[in-house]
Amino acid sequence: MYRPSVHEEDDGALLAAAQVAWNLPQATSKKLANGVYQLCQQGRFYVLKRITFPLPEFAYISGALRHLAVQGANNVAPPLVTVDGTEALLYAERYYALTQWLPGEAADFGKAEQVERVGASLAQLHQTSCGYRPYFYQGRIKWGQTLLIFRRKQKEMVAFAKRAKAATPPDLCDLLYCRGVSVALTNGEQAFRLLQPIYG
């Protein structure tokens, strides 16, 4: 793990440490919301953010992102490796990760073309996740809680459907969700019955 010699919680010192850790000596920076920074060097943009969950969970997420990227997903940004071969910067007793900047905007689900783009991106993530063998992290995988989580997700789907049906006026996402939720719940119940002897 890269460990700079500075210890004060200071934006300038943090960014200087990041420049050394990822070999970005000429990088300029812009502070965004929630302590996230955008870095730019020679026209290439990056994002620096603090890791807010345990390192084993970070390793789990990082492994998944790397698998997706290798399989061709173009809407993910795995953590970049530091000069000493690790994926995080330890600064002032906190860990930080750097990724490439992914430009984008919040989707407007009232526009059909944006709904289609979101659906295409989600489909790509599912397709490129095929064959992934995850780094074991018990806190993320939730062993022994599969059926409880399944039931909770079913209840969330029902609750979302009620809100979507009550929306005035409903947007395109609401209409599409209401059209398919009954079939999804029926299929989910059949899946639950198949899983119950295994996980029950």
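The paragraphs below set out a description of the structure included in this document. The model shown is predicted, which means the values in this text are computed figures rather than measured ones. (Residues numbered from 1 in each chain as written. Predicted model: local features only at pLDDT ≥ 70, side-chain atom pairs only at ≥ 80, totals over all residues. Heavy atoms only, no water.)

## Quick look at a negative patch on the surface
A cluster of acidic side chains, namely Glu 105, Asp 108, Glu 113 and Glu 116, defines a negative patch on the protein surface. With respect to the element layout, Glu 105 can be found in the loop between β5 (94-100) and α3 (112-128). Given a relative accessible area of 63%, Glu 105 falls into the exposed group. (Patch = residues over 30% accessible without salt bridge, like charges linked within 9 Å, V, L, I, M, F, W, Y side chains within 5 Å. Areas by Shrake-Rupley, 256 points an atom, 1.4 Å probe, with all protein chains shown as cover. Salt bridge = Lys/Arg side-chain N within 4 Å of Asp/Glu carboxyl O. Lys, Arg positive; Asp, Glu negative; His and termini not counted. Charge placed at Lys NZ, Arg CZ, Asp CG, Glu CD. Helix = DSSP H or I, 4+ residues; strand = E, 2+ residues; numbered from the N terminus. Buried < 20%, exposed > 50% of the residue type's maximum accessible area, 1.4 Å probe, protein only.)

## Notes on the environment of Ala 191
If you trace the backbone, Ala 191 turns up in helix α6 (residues 172-199). The spacing of Ala 191 and Phe 150 is 41 residues in sequence and 9.7 Å in space, taken between C-alpha atoms.

## Some remarks on the nonpolar core
Formed by 18 residues in total, the largest nonpolar core has its most connected members in Trp 22, Leu 39, Leu 48, Leu 89 and Tyr 91. When contributions to this core are tallied by element, the ones reaching two or more residues are α1 (11-21), β2 (37-41), β3 (44-50), β4 (89-91) and β5. If one sorts the elements of this core by residue count, α1 sits on top with 6 residues. Residues contacting Leu 48, with those up to four places away along its chain left out, are Leu 14, Leu 15, Ala 18, Trp 22, Gly 35, Val 36, Tyr 37, Leu 39, Tyr 96, Ala 97 and Leu 98. (Core = buried A, V, L, I, M, F, W, Y, C linked by side-chain atoms within 4.5 Å. Contact = heavy atoms within 4.5 Å.)

## Considering the pairing of strand β1 (residues 28-31)
Here 4 bridges tie β1 to β2, and the two strands are oriented antiparallel to one another. Bridging from a neighbouring strand, Lys 31 pairs with Tyr 37 of β2. Linking β1 to β2, which pair antiparallel, is a turn of 5 residues; within it Asn 34 sits at a positive phi near 60°. (Pairing = 2+ DSSP bridges.)

## Some details on the packing of aromatic side chains
Counted by the stated rule, this structure contains 3 aromatic pairs. On the numbers, 4.6 Å between centres and 70° between planes, the contact of Phe 160 with Tyr 177 is edge-to-face. Of this pair, Phe 160 sits in helix α5 (residues 146-166) while Tyr 177 sits in helix α6, and the two are 17 residues apart along the sequence. For Phe 160, a relative accessible area of 31% gives the class partly exposed. If you follow Arg 151 out to its NZ or CZ, it ends over the ring of Phe 192, 3.6 Å from the centre. (Phe/Tyr/Trp six-rings, centres within 6.5 Å; stacked < 30°, edge-to-face > 60°. Lys NZ or Arg CZ within 6 Å of the ring centre and 35° of its normal.)

## Quick notes on unusual backbone geometry
Phi is mostly negative for residues that are not glycine, and the peptide bonds are mostly trans. In the segment running from Thr 168 into Pro 169, the intervening peptide bond is cis, with an omega of -10°. Looking at the secondary structure, you find Pro 169 in the loop between α5 and α6. In this structure, Asn 23 takes a positive phi of about 55° despite not being glycine. The class of Asn 23 is exposed, set by a relative accessible area of 53%. The backbone of Glu 93 sits at a positive phi, close to 65°, despite the residue not being glycine. With respect to the secondary-structure elements, Glu 93 resides in the loop between β4 and β5.

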